[in-house]
Structures are given as structure tokens and as C-alpha cells.
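Working through the structure, step by step
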2 protein chains.
Amino acid sequence: MVTLKQLAKELNVSISTVSKALNNSEEIGQETVKRVKELAELYNYKPNKVALSLKQNKTNTIGVIIPDILNHFLAKALFGIEREANLHGYNIITCISNESLVKEKESLQLLASGSVDGFILCVSEETQIKNEVEHFKKTMSQGHPIVMFDRVAHDVLCDKVIVDDYDSTYRATKSLLDEGRNKIAFISNIDELSVGKLRERGYRQAILESLGQELLSLKIRKGEDSHQKIKSFFKDNQDIDGVIAADSTSGVIAINMAVHFKRKVPKHISVIGFSSKSVSIHSVPPLTAIRQHAKKIGAKAAQLLIKRLQTPATEELQFTTKIIKTTVVKTKSTLKAL
Amino acid sequence: MVTLKQLAKELNVSISTVSKALNNSEEIGQETVKRVKELAELYNYKPNKVALSLKQNKTNTIGVIIPDILNHFLAKALFGIEREANLHGYNIITCISNESLVKEKESLQLLASGSVDGFILCVSEETQIKNEVEHFKKTMSQGHPIVMFDRVAHDVLCDKVIVDDYDSTYRATKSLLDEGRNKIAFISNIDELSVGKLRERGYRQAILESLGQELLSLKIRKGEDSHQKIKSFFKDNQDIDGVIAADSTSGVIAINMAVHFKRKVPKHISVIGFSSKSVSIHSVPPLTAIRQHAKKIGAKAAQLLIKRLQTPATEELQFTTKIIKTTVVKTKSTLKAL
DNA sequence: GTGAAAGCGCTAACAC
DNA sequence: GTGTTAGCGCTTTCAC
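A short tour of the structure in this document, coming up. Since this is a predicted model, take the numbers as computed values, not measurements.

**Examining a positive patch on the surface**
Residues Lys-262, Lys-264 and Lys-267 of chain A together with Lys-262, Lys-264 and Lys-267 of chain B make up a contiguous surface patch of positive charge. Turning to its location among the elements, Lys-264 of chain A is positioned in the loop between α12 (248-260) and β9 (270-274).

**Some points on the interface of chain A and chain B**
Of the residues lining the interface, 52 residues belong to chain A; the matching set on chain B comes to 52 residues. Here chain A and chain B share an interface that buries about 4,500 Å² over both sides, 63% of which is from carbon and sulfur atoms. Among the residues of chain A in contact with chain B, Leu-70, His-282 and Val-284 of chain A are the three that bury the most area, contributing 14% of the side total. Among the ionic pairs, Glu-82 of chain A bridges to Lys-103 of chain B, the shortest N-O distance being 3.5 Å. Inspection of the chain A/chain B interface yields 20 residue pairs in polar contact (both at pLDDT 80 or more). No other element matches the eight residues that helix α5 (residues 72-87) of chain A contributes to the side of chain A that touches chain B. Residue composition of the side of chain A that touches chain B, by class: 25 nonpolar, 20 polar and seven charged.

**Observations concerning the packing of aromatic side chains**
All names here are of chain A. Considering all chains together, one arrives at four aromatic pairs over all chains under this definition. Ring centres of Tyr-166 and Tyr-170 lie 6.3 Å apart, and the angle between their planes is 5°; on these two criteria the pair is classed as stacked. Of this pair, Tyr-166 and Tyr-170 are both found in helix α9 (residues 165-178), four residues apart, which corresponds to roughly one turn of the helix. Summarising the aromatic geometry, the rings of Phe-186 and Tyr-203 are spaced 5.2 Å apart at their centres and angled 25° between planes, so their arrangement reads as stacked. Placement of the pair is Phe-186 in strand β6 (residues 184-188) and Tyr-203 in helix α10 (residues 194-208), with a sequence separation of 17 residues. A residue is classified by how much of its surface remains accessible, and Tyr-203, at 0% relative accessible area, is buried. Just above the ring of Phe-79 sits the side chain of Arg-83; from NZ or CZ to the centre is 5.4 Å.

**Looking at the sheet that holds strand β10 (residues 288-291) of chain A**
Two orientations exist for strands paired in a sheet by backbone hydrogen bonds: parallel and antiparallel. Residues and elements named next belong to chain A. Strand order in the open sheet formed by six strands is β7-β6-β8-β9-β10-β12, and the pairing between neighbours is mixed. The sheet terminates laterally at β7 (217-219) and β12 (327-329), the two strands that pair on one side only. Within this sheet the neighbouring strands show an average axis-to-axis angle of 20°, counted without direction. Both β9 and β10 contribute to a ladder of three bridges, which runs parallel. Counterpart to Gly-273 in the pairing with β10 is Ala-289. Most of the contacts of α12 go to β9, to which it runs at about 160°, and overall it touches β6, β8 (242-245) and β9.

**Re the relation of the copies chain A and chain B**
Overlaying chain A with chain B gives an RMSD of 0.1 Å, the required rotation being 180° about an axis along which the chain moves by 0.0 Å. On the angle and the small slide along the axis, the relation comes out as a two-fold axis. Considering only C-alpha atoms, the residue of chain A closest to the rotation axis is Ile-93 of chain A, which sits at 2.2 Å. When the interface residues of chain A are mapped onto chain B, 100% of them are again interface residues, pointing to one common binding face.

About the cut-offs
- Residues numbered from 1 in each chain as written.
- Chains lettered and ligands numbered in written order.
- Predicted model: local features only at pLDDT ≥ 70, side-chain atom pairs only at ≥ 80, totals over all residues.
- Heavy atoms only, no water.
- Patch = residues over 30% accessible without salt bridge, like charges linked within 9 Å, V, L, I, M, F, W, Y side chains within 5 Å.
- Areas by Shrake-Rupley, 256 points an atom, 1.4 Å probe, with all protein chains shown as cover.
- Salt bridge = Lys/Arg side-chain N within 4 Å of Asp/Glu carboxyl O.
- Lys, Arg positive; Asp, Glu negative; His and termini not counted.
- Charge placed at Lys NZ, Arg CZ, Asp CG, Glu CD.
- Helix = DSSP H or I, 4+ residues; strand = E, 2+ residues; numbered from the N terminus.
- Contact = heavy atoms within 4.5 Å.
- Buried area = accessible area lost by both parts, 1.4 Å probe.
- Polar contact = N/O pair within 3.5 Å; in protein donor to acceptor, adjacent residues only side chain to side chain.
- Nonpolar A, V, L, I, M, F, W, Y, C, P; charged D, E, K, R; others polar.
- Phe/Tyr/Trp six-rings, centres within 6.5 Å; stacked < 30°, edge-to-face > 60°.
- Buried < 20%, exposed > 50% of the residue type's maximum accessible area, 1.4 Å probe, protein only.
- Lys NZ or Arg CZ within 6 Å of the ring centre and 35° of its normal.
- Pairing = 2+ DSSP bridges.
- Axes fitted to C-alpha atoms, helices over the stretch in contact; angles between N-to-C directions.
- Least-squares fit on C-alpha atoms with pLDDT ≥ 70 in both.

Below is the structure:
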């Protein structure tokens, strides 16, 4: 890589002259500016990012810590973050916590020592279960703002972007009830997560509000065989006529399993699940999907962080919690639109 | 963040003494070392990464450029890269090219100005179609090694990690022939990609080698409705008794669509597709899957890059191309194991 | 055993 | 209009 020093030497001027010329300083003569720029162009000079970071005490890099990159929702959120960050001249360093508190702490620690200006993260499962938040607070107190999305730590004061999980399943359940469904089941493989609990609560509330309805939940834990569990579930409860799935895998499998048992979807049974387009088409018929707008969530999180990074420390900036509303895309796995 | 300067001041010693003490230099007295370390511990001192990078002229960061983070295979490869990189003390900066040549070039350009030590990338679709490679060569000539994986530019001399695409579909097709299948179709939504073409070629070869067999391909382009296309395809070719899918979505939908048409899987029709575990279970029965070992591919790519980064420029290091063999996981969508 | 000084690449206040 | 200097945080050579 060419440096200012080399350009300066070749042009027989000082380093600062070159620097100023390239930064369009008024101080430098037109002729000199031209010569400098031409040579810089020729050598394809680009200022060294590391030197700039050191000098300006900011890296223009955002640390992103997510629990699981294979989760389609999180991958999509990451996509949204990356795009929004890029738009504002930021790069992202991605760390995957693997749902582990220790890894989350380490990543935070490691990146906080100069590599990034701030963080966007989704709290790991272990962190949620143990309810640890000290590492977040410490990072923030060291001057690195954090924006949390989807799974957030309510005890930490920071910007947050979340989904209306409770409302989504409440409304979805209501809509199945409106279809005249009598035995609506809830299937989830994310029971341990805060969002999973909220989604179940929405379902429960809707069921409890309806006369003659009863709760019926299937929880699938990590490592368990979704196929087998859903199969048994359908066998044990042959009269299920509606399913609310807290995740996309369970929803898709539920449809295919119902068909496997010679039940018509949506004639005999309706299925709604949280899912993105690309996954919801894995079943026939495709899954009526609750869309979380993951990309938008990621983008919003990035916006909040960047705004905070670019606000002078002197100004007060209130912490906000942005709720991104889900929308339902009806396909042929349900009778009615919401 | 605490700096050496601040520690030095508080301890009434020089900056260099503190630095040496923390780096366990022999020169410093035991007593001093102890005092320094205690204070550093107290203040949770961590050397500033940016300063280290500038000084040592390396960032311990790898630039990863992938075309699409929502592609499960690529996300998984990224996961492998991240883990392997972390193991060796590297962070990763992720850029998403969105299958665009321009974005790929920009990312390369941007990160090459000091942000990363080298690159791991999967060539974008547009780049493959236009067969552009200059930006890769230029980046390498500037001292940033590149490792390509999955989709590679054959005209560029660099380390590569690829899949035995041709062999995989050749063998998969052969195994369906061995089952006694007579009309085996090939379905692909990645026809434009180098790997897509190789996969089709493997299928063609196997079919052509068998007497009385004919080729039957369905290509699904971006933006087209997979459900609709596969549905029509089955309608138009009611006697299909085998499917080789070049991607996981098509394989899963094919199974579900076959069942939809009252055809038994695998009694009447066998389906094999490239897929990972989490997606192959989206159908009932689950898809017999050609596993690409994405994580391993990512990890291997990271290993190759890190090895190169840590080899002194004086030593010659041959460029290698590593082929990661696929394996087949048989489930109930086929009769025989491969 | 400790400290001063140089230098990584860059910017900017200040001289001339 | 151009150059000198200091400094961002760190390591390391060389003096003392």
C-alpha cells in the first residue's frame, strides 16, 4: 500500500502538504493539488484505515453478536444490519455466540478493546436463562453503545428493537377461532427464549378468552426429533384443527405431517407460523406466515446505533425501544386472512 | 479505555517500563512487574487493537465476502469460517455482495485499505457470468491473499476449497438408476452458477451412460414461483419416478408436491437433493440429502488463509485446491443408500 | 532495571 | 502556500 510519505517523497513536498491537498484544503495551491491528486490516482492511494482509526479514535466498524447464524431470522437481520451499516460507511465484525454466555462475554470484551465503535446484538439463550446483564452494562460504561434486537435484556438501559410477539400470536389464534376452529394447538421449538414465551402467552390469552376452548402445547427441545414429536402429537390428538407455530420449521412440518395423515389443509386443519418467504414455501400448501421483517429490524437497529455514535457526547439522547409490527401473509394453509 | 500512558503516570514509571512489564520482559524487576500487573488488572487494561494493528502492520482480521447470507449453505460456511478464525485469534468482517460484481469490487477495495489481512470469498453470480477476475488479481498483488470457496474463479491463482459437485450428482443419479428408476428428472434453481452447471453435468453423464434413459431438466430462475413450476412439471411428466435436486428448496418441494399428487415417496418416486439437515427435515418424508459439509468448507478456507498469512513472505507456499467430498445421508425419500 | 526516542500512517495546530 | 511538529497507543532499540 502506498503511503502519504511515499507520495510526498516522490513529489518533493512535505507529508502534510500531500495530506491537505488530498483533503481539498484551501491552504494548498491549485497546481500542487493537481499534481498530488494525479500521483495519488496513479498509485491508487487510499488512506490507511487503521491509521485513521487511531487518529480519530473511531473505527467506523460495528460489532454484531448473534447467537446463531443458521437461524434464518437472525441471518436476515444480519443482512439488514450489514446493508444499513454500509450505507453509512460502516463495516461490521460478526461474532457468533452460539447461545453461550461465555462466548458472548468474550466477544464483547475482545471487540471493545478498540476494534469497534459500538454493538448490535441479540442476547444468547444462556444469557437469558441466567439473566446476566453485567457484561452489557460494563461495555456500555466503557463508552461502547449497545443496541439489542429481538431477544433483549429488559434490565439494561439501551436502544432496543423488538417484535410484537405477544400480539402476533394473539391475533393469529383469534383468526383461527374466527374460522371456527375448535382445537387449536401451539407448537414451539423456542420455548426457552423470551420471544418464545411471549408467543405462547399470546396464544394462551386468545384461547382462554374463548369459551369451550382448551390449551394444547407441544414443546420441542434442542436435539429432539421434530418429525417424530409432531407425528406423535398428531396421533395423540387426532382432532386438532388448527396450529400456531412459534417457529417456521414446526409450521412447515406440521402442514406436511397433516397431509401425511390424509388431512386436508386448510379444509380440515389450518396452520399459521412465524416464517419468512423462502421457508414458508417448503410445504404444500405454503405456510400462512407471520413475517417478522427481520431485515427491517436489523436496519432499524443499525440506524439507532449509528445515530447514537454520531451524536456528540454532550447531547442527551434518550434510549428508545422500537417495536416492529409483524404482518401476516395468507396462503392456502388457512381459510381466512387476518 | 485505559492506556499505557495512564498506567505509567499513576505508577510513576515510564510507558516503556509498563509495556515491557506487561509483556513479561526479562528486563524489568519482579517487584515492578507485580505492581504494574496489579494496576493493569484493577483497571482492566487491554492493549488497544488499533494501535497494535498500526504498529505490527497486521489487523488479525479476515474479510469475508459472500454473495448471499440467506443461502443456508453460505451461512453455514460463514459459521465455519468464524469459528476457525476465532480459534486462531482472528475476527471476521463480513460483506455481502448480493451477487453483484460492483459490490464485490467495492468491498474488496474498501477492506484492502488496511482493514483486513486477507480475504475469504465466494464469487458472485454476476462476476461468474461476466468472468471478471482483475479485481481479485489486483487485491492479491497488493499483498492481500485470497481464498475462494464453492464458486471459484479458475483463472485466478489462489487457494481454493471446492465441492465435488459433478461426482455427487453423478453418483446420486447412478444410485437412482440402481433402484430401477426409469425417468429421472433434474431440478435446479442455480442454473447460472458454476456449481449448478457442474451438478447438471454429473446428472447428464449418468443418464447418458444408461441405456433407454433420457434427460429431463427443470430450471427455475430467480423470481420464478418454485411451487408453480414444480407443480406444472409433475403434471406434464406424470411418469417421473426419480428426482435429483441441485438445491434444497427444490428437493423439499418436489417431495411435498409428489405427495400432494398422491404419489408415494419413496415407493413411487425417489428424491435426492443437496441439503443440510435443518432443511431436509422440512418434507415428509425427509429428503435424502447430499451434504456439502459447509462448515468444514468454511473452516478449511480459514485454515488455508491463516496459514498463508502466517507464512513469512520469504518462504514459498504453493497454492492448493482442496476438494471436500460430499456425503449422502439416506432417509425415507429414497430406497437405497448410496 | 529503567527510560528516552523513534516510528507505524495520518491529521491539524501552528509556524514561516 | 508550504513545512514543522505533536500526538493517537503501542513496541522496541538503544542509552544510561
